[in-house]
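# Structure assessment
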Amino acid sequence: MSDSPNLETKVEQFKAGFIRIRDEMAKMMVGQQTVVEGVLTAFFAGGHVLLEGVPGLGKTMLVRTLADAVHLKFSRVQFTPDLMPADIVGTNMIAEDEHGRKSFQFQPGPVFANILLADEINRATPKTQSALLEAMQEHHVTVGGTQHPIEQPFLVLATQNPLEMEGTYPLPEAQLDRFFFKLKVAFPTADDLHSILDRTTANERPTVSKVLHDPQEVMAMREVVRQVPLAREVQAHAIDLVLCTHPDDKHASPLSKKYVRYGASPRGAQALILAGKIYALLDGRYHVSRADIDKAAPDALRHRIILNFEGEAEGTSTDEVIAEILKQNAG
Amino acid sequence: MALVKCALLAGAVLVAVGAVNRWLLGRMPLDPQMALIAAAAVPVLALLVAIAQRRALPQVAALLDQAGGTRDRFSTALAFSAEATPSEMQAMALRECVDFALRGNFSRLVRVHLPREAAWLLVPAVALAMLQWEAQTAASDRQAETSAAQAAVEETARKLEELARQTAKANEEAKTDDLKKIAEQLQRSAEQLRAKATNPEDAAKSALRELSALEQMIAELQKAPGASPEEMKELSKALAQNEATKESAKAMEAGDPAKAAEELEKAMQQLAEKKDERTEEQIQQALEQALKRLAEKKQLSEALQKLAQQMQRAQTEKGGSSGEAMRQLAQMLKQMPQGQQNKGGQQKAQTLQQLLAALQNMKYGEGDGKHGGDPKPGDAKTQGLVTMQSFAPGNQNGEPSPGDPSMPSGQPGSERDTGTTDTPFGKERNDPGKGAQAKQLTGRLGDGESLSQMLPSAGDASKSNRRYTELYEAMAPAAEDAAQQENIPLGSRFFIKRYFESIRPKE
């Protein structure tokens, strides 16, 4: 109890840091506050984000801005059908030393960065997509029988275009589940477009200040997040939400029963809790409430619910299923 | 929902109890005292139920969080306070929750209020109120009916009480058990009449029944063995015509039938010794004439009827022994109870006669003008008279003439039976005043035999032990024959044919 002031300070620092990063990113990103906050939430929760939106909405700018604000190493991979796993994780190359002796030397791929932008991830083959699995979940890659750890913090920001589905390879459920959030990048409004044009077509362009200077600061903030406690009832609420996405569960909502093939995995519940903790801290509380869980539900569960054929044919979205579940579990 | 169901169930039970009270037992669903007790019991029961269904603390915390928008602070505080060694962040959260709870005013969220489901009790309450209102209306109606019925029988009851007083007064002189019994019965009848008078329609019937019962009782008491004083007087006159039976006549006039019988036997013995058959014949003739006179005046008493029959039988069987009449008379006199002809007996007989007349007056009305010039039913001389009229022109018996077209034909389907007038005979109503003869029949209501006849009706609902197809096959030819032979109106023939087709069993 003696270091409670320390913890309180850490909490305050977390909140202040989060808000500052968000504000810095807002300088570059116009009208995407929800997406920015979602990306930051996933970043401080230690998860990865799948961004879905049409091209030209500033997804790459978002990632770059984040990397600048937190002063982390950033790399970008444009996924194409001919992209190979080695192009991502790296490969062993023959190197010659000063004595003329040759040996294999690991040449790290773009995955070895703190923030990786996997642009149009659904255009790569499943083989290449799966190359990210180990990196995303285990935070290391194995090349030639040797594990190469990835420096923390590590955030994968993948994007996919929902319109051009021709010649794409939709992400398998296992890989989708690895993403902490799936955020939908909406088209900006007219006012937002004015602001975008004002900022991007003039000589003076906004600059992003570095809020954090050390990756350890990010890790410290992540540690604070995980310390936020929650009551059993609140945790039960998160579990209920996840269970309600399963069509075979007795508490399943009508839409779940009708249109859902598979429900959310336990990773969904983890995402709900972690995101809830961050929302609680941002709200100035030291505990998670049901409202925090509910707030995180759409972003955390929408890519973890797999619709059946009937649901897809009817044009039902997973967001509708989640909204009904939230309504069912309200109060 | 369970509470709603319980409330509805309780309400249904209340209404059922109220309905049973109202409809089966005829009482109010709730009397005021019971209603007060029930009203007082409701909060007590509610308190007990509330205590029994007391919510656990986590439930209360969840309710507070839900109602107060506290972001689960109460639930969290409760959970973290139960931790034996809370973490730093838990302790901070606990403090924050406590501060929040202290800052806010949450007492409004835990106000004591009636259960929401209590509103459902309104349904049975309204039903009970309606039952109560209906019962009160019915009770007031009953009260009014009772008052009307009491008023309807009050006059009769009052007269009965007056008769009871007069009878008791008469009994002070006569000193007989019968009059005392009648006086008591009259008083009792008056009381019963008042007590049973609840319906104005039944009140008159009840009064008539009571009067009839009293009348019957008095008539029974009048049927005492022996002759009436009038008859004794007439017989004594007959006996006084002859010297030999003068003593017996005196004894009869003195109201001493035993002595009269003794004197009569003495006279018979003397006449037998003298073999004076002529005197015996004279005495018999005098007696027969007396009986005849009495029979013309009124109906003979049972004793005299018996005497007349015995005299007639003795005359036909034994070839007209003149002494037989005296012997029979002596025998009758012996059988008469002593003292019947004394002053008390006469008083009793007179009182009974007056009572009977008074009861019949009450029963049939006392000349209220409705009868016009007809003899008053209340008149003692014409009591029990019923006027009947027969009005069948051309036939004194009132039977229809066979060829009379106004009479029913007795044949089904006859056009004569299709009535077009207001009489069943198809003709205008005959004027009974013209050519009718009034007959006056004497009789006493209640006497005589009644005729009852059992009329067979449709069969009961028991199952037939014969298959319908068999029954139809057996009965169809008979039905067709009947339809062809009977004089069925053309318009109805089609329907009858269709009916038989409709009841034909399906193949």
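Residues numbered from 1 in each chain as written. Chains lettered and ligands numbered in written order. Predicted model: local features only at pLDDT ≥ 70, side-chain atom pairs only at ≥ 80, totals over all residues.

Attention now moves to the overall build of chain A. Helix and strand counts for chain A stand at 14 helices and eleven strands. Relative to its 331 residues, chain A shows a buried fraction of 44%. The contacts in chain A between residues at least 6 apart in sequence include a share of 75% that link residues at least 24 apart. (Helix = DSSP H or I, 4+ residues; strand = E, 2+ residues; numbered from the N terminus. Buried ≥ 20, exposed ≤ 12 C-beta atoms within 10 Å, placed from the backbone. Contact = placed C-beta atoms within 7 Å.)

A count of helical and extended segments in chain B gives 17 helices and two strands. Here the analysis covers contacts within chain B between residues at least 6 apart in sequence; of these, 63% occur between residues at least 24 apart.

It is worth spelling out the interface of chain B and chain A at this point. Counting residues at the interface gives 17 residues for chain B, matched by 18 residues for chain A. Secondary-structure elements contributing two or more residues to the side of chain B that touches chain A are helix H3 (57-68), helix H4 (73-81) and helix H5 (88-103) of chain B. Per-element accounting of the side of chain B that touches chain A gives the leading share, seven residues, to H5(B). Partitioned by chemical class, the residues of the side of chain B that touches chain A number eight nonpolar, five polar and four charged. (Nonpolar A, V, L, I, M, F, W, Y, C, P; charged D, E, K, R; others polar.)

In this model, helix H8 (residues 200-222) of chain B (23 residues) spans 33 Å end to end at C-alpha, consistent with the 33 Å of a helix rising 1.5 Å per residue. Taken together, the buried positions of H8(B) are B:Ala203, B:Ser206, B:Ala207, B:Glu210, B:Leu211, B:Leu214, B:Glu215 and B:Ile218. (Expected span 1.5 Å × (residues − 1).)

The omega angle of the peptide bond from A:Gln152 to A:Pro153 is -5 degrees, so this bond is cis rather than trans. For A:Pro153, the position within the fold is in the loop between strand E7 (146-149) and strand E8 (155-160). Even without a glycine there, the phi angle at B:Arg71 is positive, about 55 degrees. Residue classification places B:Arg71 among the buried residues on the basis of 21 C-beta atoms within 10 Å. Of note in the backbone geometry, B:Asp72 takes a positive phi value of approximately 60 degrees without being a glycine. Structurally, the position occupied by B:Asp72 is in the loop between H3 and H4. Classification of B:Asp72 as buried rests on a count of 29 C-beta atoms within 10 Å.

Glancing now at the nonpolar core. Residue and element names in this part refer to chain A. Judged by nonpolar contacts, the single largest core of 111 residues is most densely connected at Val39, Val49, Ile115, Ala118, Leu157 and Leu272. Sorting elements by how many residues they give to this core places helix H11 (residues 266-282) first, with ten residues. Setting aside its immediate chain neighbours within four residues, Leu157 contacts Val39, Val49, Leu51, Val63, Ile115, Leu116, Leu117 and Ala118. (Core = buried A, V, L, I, M, F, W, Y, C linked by C-beta atoms within 7 Å.)

Residue and element names in this part refer to chain B. Scored by pLDDT, chain B has a mean of 72; 70% of the residues are at 70 or more. Within chain B, the element-level pLDDT minimum falls on strand E1 (residues 386-390), averaging 32, and the maximum on H4, averaging 89. This stretch, residues 366-403, has a pLDDT under 50; its non-local contacts, to residues over four places away or in other chains, come to 52 contacts. Predicted confidence for residues 413-419 stays below pLDDT 50, and this span has 14 contacts to residues more than four positions away or in other chains. Interface confidence in the predicted complex, given as ipTM, is 0.83; pTM for the same model is 0.53. (pLDDT = per-residue confidence, 0-100.)

Turning next to the sheet that holds strand E2 (residues 74-78) of chain A. Residues and elements named next belong to chain A. What the five strands build is an open sheet, ordered E2-E5-E8-E1-E9; its pairing is parallel. Looking at which strands have only one partner, the edges of the open sheet turn out to be E2 and strand E9 (181-184). Taken over all neighbouring pairs, the strand axes of this sheet differ in orientation by 20 degrees on average, direction set aside. The sheet contacts of helix H3 (residues 59-70) involve strand E1 (49-52), E2, strand E5 (115-119) and E8, and relative to E5 the element is tilted by about 175 degrees. (Pairing = 2+ DSSP bridges. Axes fitted to C-alpha atoms, helices over the stretch in contact; angles between N-to-C directions.)

Residues and elements named next belong to chain A. In terms of residue burial, E5 counts as a mostly covered element, since five of its five residues are buried. Bridge count between E2 and E5: five bridges; the pairing is parallel. Considered in E5, the bridge of Val77 is made with Ala118. Examined bridge by bridge, E5 and E8 share four bridges and lie parallel to one another. Across the sheet, residue Leu116 finds its bridge partner in E8, namely Val156.

The subject of this paragraph is the environment of B:Gln282. Relative to the assigned elements, B:Gln282 resides in helix H12 (residues 277-297). C-alpha of B:Gln282 to C-alpha of B:Ala238: the two residues are 44 residues apart in sequence and 9.7 Å apart in space.

Moving on, we get to the packing of helix H9 (residues 232-244) of chain A against helix H12 (residues 290-301) of chain A. Residue and element names in this part refer to chain A. H12 packs onto H9 with a crossing angle of 25 degrees between their chain directions and a minimal axis gap of 9 Å. Taken as axis vectors, H9 and H12 run roughly parallel relative to one another. Between H9 and H12 the crossing geometry is right-handed. When H9 is examined against H12, the residues Val234, His237, Ala238 and Leu241 are found in contact with a partner set consisting of Arg290, Ile293 and Ala297. Taken together, the residues of the contact of H9 with H12 break down into five nonpolar, one polar and one charged. (Parallel < 35°, antiparallel > 145°, perpendicular 65-115°, else oblique. Left-handed = near helix turned anticlockwise from the far one by under 90°.)

A separate point is the environment of B:Val17. Residues and elements named next belong to chain B. Its place among the elements puts Val17 in helix H1 (residues 2-24). With 14 C-beta atoms counted inside 10 Å, the residue Val17 sits in the partly exposed group. Once the C-alpha coordinates of Val17 and Pro29 are considered, the two residues, twelve residues apart in sequence, prove to be 7.3 Å apart.

So, on to the pairing of strand E3 (residues 90-96) of chain A. All names here are of chain A. Of all the seven residues making up E3, zero are buried; the element is thus mostly uncovered. Taken together, the seven bridges between E3 and strand E4 (residues 102-108) define a ladder with antiparallel strand orientation. Counted as the bridge partner of Glu96 is Lys102 from E4. What sits between the antiparallel neighbours E3 and E4 is a turn of five residues, in which Gly100 has the positive phi angle 80 degrees.

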